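If you want the building blocks of each chain, they are given just below.
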Amino acid sequence: MLCTTQDLIESIILSLTFEFKYENVAPEFQFVTMFEAVKLGMLKIFNVSLQDDLTMNLEIGEKNPYIENNRIISDEACQHIISILDSNTLTYGQKIGELFELVAEPYLVEDYPSSNGLIAPIFITSFPAELCPLARKSDIDPRFCDRFELYMGGIEVANGYQELNDPAEQLKRFEEQLIQNGKDPMDIDLDYVKALEYGMPPTVGAGIGIDRLLQVLTGAESIKETLLFPTMRKE
C-alpha cells in the first residue's frame, strides 16, 4: 500500500500544469521509521544519542555532529521531554509517540530536505503497536505495526496500514487500549470483533487528504482555500 500511495502521489506531482506551485515539491521520497525520526530530533536537542531502550548515552555527546548547531528549545520543554522518558505509566510505544510529536514532527521539513532543497515527501513508518489498535503487528518486530503516514511540507497527507484480522488479537488490543489510554478512553467495539470472527481476508488501505495535498501543491496558506465543501458559506 505504501508503494501504491507513493506511485499515486508521484504521478500527481509530475503531471501537474504550470498553474500549480509544484516546483516547491520534489518527486523524491524519503522513508524514515518513527523511532529514527525521534532519535534524530533528540540528537539535535540534547546532543546525545537515544538508545533503542529509550535511554540516552551521555558519554558520546561530544562526538555528535550537532554539538555546535543544536536545536534550541525552552527549559520547560526539555523537562517535559525528560519526564516522558522517565515516566513509569507510559508504555514504550506511547513514549515514542509523544516524543515524535514534540521533537520530530514539527521539524520534518528542516531535518529531511530533498537533495535539491525542495519539499521532500516523507513516509514515517513502523508505528508503535500501542498507537494503532486496528493495525497488524510487524513480523520483524512485534513492538511495531505495519502502518505509515506521508508528510509533505510538514503536513500529514496520507495514512495507511495493514488491517488486523485476528479477532482474538483485536479484542486483546482493545482491552489494552482501554487500560492504557486514560487520556481518551474508548469503549470496546464488540460488534467489530464479532464481525472479524466471521472472517476477513488480509486487507490494507490508505486514506489521502485531498484538501491537504492541494494545500501543499498550490502553496495555499490555509487549508480553507482548498476545501471543496466548506462548512461556512457567505450569506
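Remember, predicted model here, so these are calculated numbers, not experimental data. (Residues numbered from 1 in each chain as written. Predicted model: local features only at pLDDT ≥ 70, side-chain atom pairs only at ≥ 80, totals over all residues. Heavy atoms only, no water.)

1. Here's the deal with the overall build of the chain
To be explicit about the condition: A run of H or I in DSSP becomes a helix once it reaches four residues, and a run of E becomes a strand once it reaches two; helices and strands are each numbered from the N terminus. Think of it in three bands: with a 1.4 Å probe and only protein chains considered, a residue is buried below 20% of the maximum accessible area for its type, exposed above 50%, and partly exposed in between. Contacts are assigned to residue pairs with any non-hydrogen atoms lying within 4.5 Å of each other. With residues, only the protein chains shown are counted as cover, and all accessible areas are computed by Shrake-Rupley using a 1.4 Å probe.
A count of helices and strands for the chain gives eight helices and seven strands. Counting all 235 residues of the chain, 37% fall into the buried class. Sequence-distant contacts in the chain: of pairs separated by 6 or more residues, those separated by 24 or more amount to 62%. As presented, the chain carries roughly 14,000 Å² of accessible surface, and 53% of it is formed by carbon and sulfur atoms.

2. Here's the deal with the pattern of salt bridges
Using the following cut-off: In what follows, salt bridge is the name for a side-chain nitrogen of Lys or Arg lying within 4 Å of a carboxyl oxygen of Asp or Glu.
Within this structure, the stated rule accounts for nine salt bridges. Taking the shortest distance from any N to any O, the salt bridge between Asp146 and Arg136 comes out at 3.7 Å. Placement of the pair is Asp146 in strand β5 (residues 144-152) and Arg136 in the loop between β4 (122-128) and β5, with a sequence separation of ten residues. Residue Lys194 is joined to Glu197 by a salt bridge in which the shortest nitrogen-to-oxygen separation is 3.7 Å. A residue pair is termed a helical-turn pair when its members lie 3 or 4 positions apart in one helix, as Lys194 and Glu197 do in helix α7 (residues 190-197) at three residues. Here the salt bridges do not stand alone but share partners, grouping Asp52, Asp141 and Arg143 into one network.

3. Structural notes on the confidence of the model for the chain
Basically, it comes down to this: For every residue, the pLDDT score states the predictor's confidence, bounded by 0 at the bottom and 100 at the top.
Residues with a pLDDT of 70 or more make up 83% of the chain, whose mean pLDDT is 82. Taken element by element, the predicted model of the chain shows its lowest mean pLDDT in strand β3 (residues 56-57) (71) and its highest in β4 (94). Contacts from residues 18-22, a stretch scored under 50 in pLDDT, to residues over four places away or in other chains number ten contacts. Of the regions scoring below 50 in pLDDT, residues 59-68 engages in twelve contacts with residues more than four places distant in sequence or in other chains.

4. Some thoughts on the packing of aromatic side chains
Selection criterion: Ring pairs are drawn from Phe, Tyr and Trp, using the six-membered ring of Trp, whenever the two centres fall within 6.5 Å, and their geometry is named by plane angle: stacked under 30 degrees, edge-to-face over 60, tilted for the rest.
Summed over all chains, the structure comprises six aromatic pairs. Both rings, one in Phe29 and one in Phe123, keep their centres 5.7 Å apart while their planes meet at 25 degrees; by these two values the pair is stacked. Taken as a pair, Phe29 in the loop between α1 (2-15) and β1 (30-33) and Phe123 in strand β4 lie far apart in primary sequence, 94 residues in all. Consider the rings of Phe123 and Phe148, whose centres lie 5.5 Å apart with planes at 75 degrees: the pair is edge-to-face. Taken as a pair, Phe123 in strand β4 and Phe148 in strand β5 lie far apart in primary sequence, 25 residues in all.

5. A word on the sheet that holds strand β7 (residues 204-208)
Applicable threshold: Two strands pair under a simple rule: DSSP has to find at least two bridges between them. A fitted line through C-alpha atoms represents every axis, and for helices the fit uses only the stretch in contact; the resulting angles, taken between N-to-C directions, go from 0 to 180 degrees.
Taken together, five strands build an open sheet; the order of strands is β1-β4-β5-β6-β7 and the sheet is mixed. Strand pairing shows two members of the sheet lacking a second neighbour, β1 and β7, which therefore form its edges. Each adjacent strand pair in this sheet contributes to an overall mean axis angle of 20 degrees, direction not counted. Both β5 and strand β6 (residues 155-162) contribute to a ladder of six bridges, which runs antiparallel. Looking at β6, one finds that Tyr151 is bridged to Glu156.

6. Some details on the pairing of β6
As a general feature of sheets, a regular strand has side chains that alternate between the two faces. If you look at the hairpin formed by β5 and β6, you'll find two residues sitting between the two strands, and Gly153 has a positive phi there, around 60 degrees. As paired elements, β6 and β7 share five bridges and run antiparallel to each other. In the strand pairing of β7, Ala158 is matched with Ile208.

7. Some details on unusual backbone geometry
You will see that Leu54, though not glycine, has its phi angle at about 70 degrees, which is positive. Note on placement: Leu54 falls in the loop between β2 (49-50) and β3. Here the phi dihedral of Ser126 falls at roughly 55 degrees; this positive angle occurs in a residue that is not glycine. With respect to the helices, strands and loops of the structure, Ser126 is situated in strand β4. We classify Ser126 as partly exposed; its relative accessible area is 27%.

8. Side note on the packing of helix α2 (residues 34-46) against helix α4 (residues 92-104)
Threshold: Note on angle classes: values under 35 degrees are labelled roughly parallel, values over 145 roughly antiparallel, values of 65 to 115 roughly perpendicular, and the remainder oblique. Should the near helix be turned anticlockwise from the far one by less than a right angle, the crossing is left-handed, and should it be turned clockwise, the crossing is right-handed. Under the grouping applied here, Gly and all other residues not named as nonpolar or charged are polar, the nonpolar ones being Ala, Val, Leu, Ile, Met, Phe, Trp, Tyr, Cys and Pro and the charged ones Asp, Glu, Lys and Arg.
Put simply, α2 and α4 touch, their axes get as near as 9 Å, and they point 55 degrees apart. Classified by the interaxial angle, the pair formed by α2 and α4 is oblique. In the packing of α2 onto α4, the handedness of the crossing is left-handed. Contacts between α2 and α4 involve Met34, Phe35, Ala37, Val38, Gly41, Met42 and Ile45 on the former and, on the latter, Tyr92, Ile96, Gly97, Leu99, Phe100, Val103 and Ala104. Looking at the contact of α2 with α4 residue by residue, the classes come out as twelve nonpolar, two polar and no charged.

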